[in-house]
Amino acid sequence: KTLSVLEEVVANYSAAGLPLEVIYSDIDYMNNRFKNAEFDEFRYPASSMQAFVDKLHMAGQRWVPIIDAGVAIAPGYAAYEEGTRDKVFIRDHGGNTYVGQVWPGAAVYPDYLHSYSVSSWLQQKLQRFYSQAQFDGLWLDMNEASNFCTGMNCGPNESNVSAMQCE
């Protein structure tokens, strides 16, 4: 989907005389559909999202985007790079960053109970996102460290690059 589809949904509510207080956005807004708190610049340009949110706010409406607990392992992805640098992700029994598998494939999970740096990392990530488009709440999906892989460790599956295998 695209921002124009989201705008059409809001317009259709108005045209039908239906009340709309909040519009929620699923993963479609995300860069590559799996990078939390980053806009896809082709389907949901940040500057256009801000204009959309401003229009919602002028109509007394709110916007709530989804975020997921699993952070995609993707070089160049700020949330992953900064979280790795600051050691905010859950560690496995050997002291290594625990790798699981959720929607983006290989993913890591913030260890919210471990250190102050997790709070700082999350605050920076959300402030950066908020500065692009002022959301009114967050839809925290899969707020537990969900994992499509069972076992103690997940690793790359050589026969299927988009999947993980368990050890």
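Computed from a predicted structure; not experimentally measured.

Rules used in this analysis
Residues numbered from 1 in each chain as written. Predicted model: local features only at pLDDT ≥ 70, side-chain atom pairs only at ≥ 80, totals over all residues. Heavy atoms only, no water. Pairing = 2+ DSSP bridges. Helix = DSSP H or I, 4+ residues; strand = E, 2+ residues; numbered from the N terminus. Patch = residues over 30% accessible without salt bridge, like charges linked within 9 Å, V, L, I, M, F, W, Y side chains within 5 Å. Areas by Shrake-Rupley, 256 points an atom, 1.4 Å probe, with all protein chains shown as cover. Salt bridge = Lys/Arg side-chain N within 4 Å of Asp/Glu carboxyl O. Phe/Tyr/Trp six-rings, centres within 6.5 Å; stacked < 30°, edge-to-face > 60°. Buried < 20%, exposed > 50% of the residue type's maximum accessible area, 1.4 Å probe, protein only. Lys, Arg positive; Asp, Glu negative; His and termini not counted. Contact = heavy atoms within 4.5 Å. Core = buried A, V, L, I, M, F, W, Y, C linked by side-chain atoms within 4.5 Å.

All right, on to the sheet that holds strand β7 (residues 105-108) then. With respect to topology, 3 strands assemble into an open sheet ordered β5-β7-β6, the strand pairing being antiparallel. A single partner strand is all that each edge strand has here, and the edge strands are β5 (71-72) and β6 (100-102). Where β6 meets β7, 3 bridges bridge the pair, whose relative direction is antiparallel. When the bridges of β7 are listed, G100 appears paired with A107.

A contiguous nonpolar surface patch, about 300 Å² in accessible area, is contributed by V5, V9, Y13 and L18. Along the chain, the position of V5 falls in helix α1 (residues 3-15).

Quick look at the packing of aromatic side chains now. Per the stated rule, a full pass over the model turns up 12 aromatic pairs. Relative to F39, the ring of Y29 has its centre 5.7 Å away and its plane inclined at 65°; by these criteria the two rings are edge-to-face. In this pair, Y29 sits in the loop between β1 (22-25) and β2 (30-31) while F39 sits in strand β3 (residues 35-39), placing the two residues 10 residues apart along the sequence. For the pair Y29 and F39, one class covers both residues: buried.

Moving on to the pairing of β1. Within a regular beta strand, the side chains point alternately toward one face of the sheet and then the other, so they alternate between its two faces. Burial of the side chains of β1 is restricted to one face: I23 and S25 are buried, whereas none of V22 and Y24 on the reverse face is. Bridge count for β1 against strand β4 (residues 62-68) is 4 bridges, and the pairing is parallel. Within β4, the residue paired with I23 across the bridge is W63.

What follows deals with the side chain of D68. Looking at where D68 falls in the secondary structure, it is placed in strand β4. Despite its burial, D68 pairs with no opposite charge; the closest candidate is K125, at 9.1 Å N-O. Each residue touching D68, except ones within four places of it in the same chain, is listed here: I27, M30, N36, W103, L140 and D141.

Time to look at the nonpolar core. Residues Y29, F39, M49, F52 and W63 are the most contacted members of the largest nonpolar core, which totals 22 residues. Elements that contribute at least two residues to this core include exactly α1, β3, α2 (46-58), β4 and α4 (116-132). Here this core takes 5 residues from α2, the largest share from any one element. Look past the residues within four positions of W63 in its chain and what remains in contact with it is I23, S25, F39, M49, F52, V53, L56, F129, A133, F135, D136 and G137. Membership of the second largest hydrophobic core comes to 11 residues, among which are V71, A72, Y77 and V108.

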